[in-house]
Amino acid sequence: MKINYYQQSLQTLAELDPSQGKPTLLLHACCGPCAIWPIEFLLPYFQITILYNNSNIYPQTEYQRRLEELQRYLKRRNQTLDQPIELIVPPYDNAAYTAKLAPLKDEPERGKRCWLCYRLRIQEALRYAADHGFSYMTTVMTISRQKDSQVLNEIGAQLAQDFPSVRYFHSDFKKADGILKANALIRENHMYRQDYCGCVYSWTIRQAQKKVQGKLD
Ligand code: SF4
């Protein structure tokens, strides 16, 4: 039976005690377009720090482009915030990351390779959150129609058992018109949107599609 993780997120927010101030939350963000609505959803309740841990992204120029787009947005957004959103960028190592995914390279998108990819990045973020005293951790990835929120939340909850000082914030950011709200913010901020998920395998498939469509130089 599917769990309504959007309702769970509302329940968690309702249980917060505003008189205690905003708890800290580490937000894993894979890119600006996916982060833009989750940031607005969470901002009234949490002091957010973003972790851009995305060694899955190939090639490095694309990793850098997505990072710079996120930095550009945060610089602008922070001008209107009393407590700015900090951005943490751990070292990028696509070769090591791809080696971990390689045994599952032939899996389709949304399959077992992607589950491992969610797991690697959520685990790294939970570890960072535990090491740096964050109260909550979550990922923006549930905003994506291409990603299974049930799987993402199950993985997050399971991994969080190894980090008892951190609460995993269950989410489904696409619900309650989350995607429409994200699209409006993306347009408003003239944000670059990538046309593939990230890893070399998704990049290769997209390149082949573009070739067929005559969109490659
Ligand atoms: S398609 Fe996306 S989620 Fe799946 S393995 Fe590649 S980068 Fe990770």
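Note: the structure precedes this text.
These notes cover the structure that comes with them. (Residues numbered from 1 in each chain as written. Predicted model: local features only at pLDDT ≥ 70, side-chain atom pairs only at ≥ 80, totals over all residues.)

## A short note on the overall build of the protein
Part 1: On a plain count of helices and strands, the protein comes out with 8 helices and 5 strands.
Part 2: What you see in the protein, going N to C, is helices and strands ordered as α-β-α-β-α-β-α-α-β-α-β-α-α.
Part 3: Over its C-alpha atoms the protein spans a radius of gyration of 17 Å, differing by no more than 12% from the 17 Å that the globule rule assigns to 217 residues.
Part 4: Across its three principal directions, the C-alpha atoms of the protein cover 55 × 35 × 35 Å.
Part 5: Classification of the 217 residues of the protein by burial places 35% in the buried group.
Part 6: Contacts in the protein between residues far apart in sequence, at least 24 positions, make up 73% of those at least 6 positions apart. (Helix = DSSP H or I, 4+ residues; strand = E, 2+ residues; numbered from the N terminus. Rg over C-alpha atoms; globule rule 2.2 N^0.38 Å. Buried ≥ 20, exposed ≤ 12 C-beta atoms within 10 Å, placed from the backbone. Contact = placed C-beta atoms within 7 Å.)

## Observations regarding the site of the ligand
Part 1: All residues adjacent to the ligand are Asn56, Leu101, Glu109, Arg113, Cys114, Cys117, Cys197, Gly198, Cys199, Tyr201 and Ser202.
Part 2: Only α5 (112-131) and α8 (200-212) provide two or more residues apiece to the shell around the ligand. (Near = placed C-beta within 6 Å.)

## What about the sheet that holds strand β1 (residues 24-28)?
In any sheet, the strands associate via hydrogen bonds between backbone groups, in a parallel or an antiparallel arrangement.
Part 1: Strand order in the open sheet formed by 5 strands is β3-β2-β1-β4-β5, with parallel pairing between adjacent strands. Pairing within the sheet leaves two strands with one partner each, and these edge strands are β3 (86-88) and β5 (167-168).
Part 2: In terms of strand pairing, strand β4 (residues 136-139) meets β5 through 2 bridges, oriented parallel. From the neighbouring strand, Tyr136 faces β5, where its bridge partner is Arg167.
Part 3: Across the face of the sheet, α5 comes into contact with β1, β2 (47-51) and β4 while running at roughly 155° to β1. (Pairing = 2+ DSSP bridges. Axes fitted to C-alpha atoms, helices over the stretch in contact; angles between N-to-C directions.)

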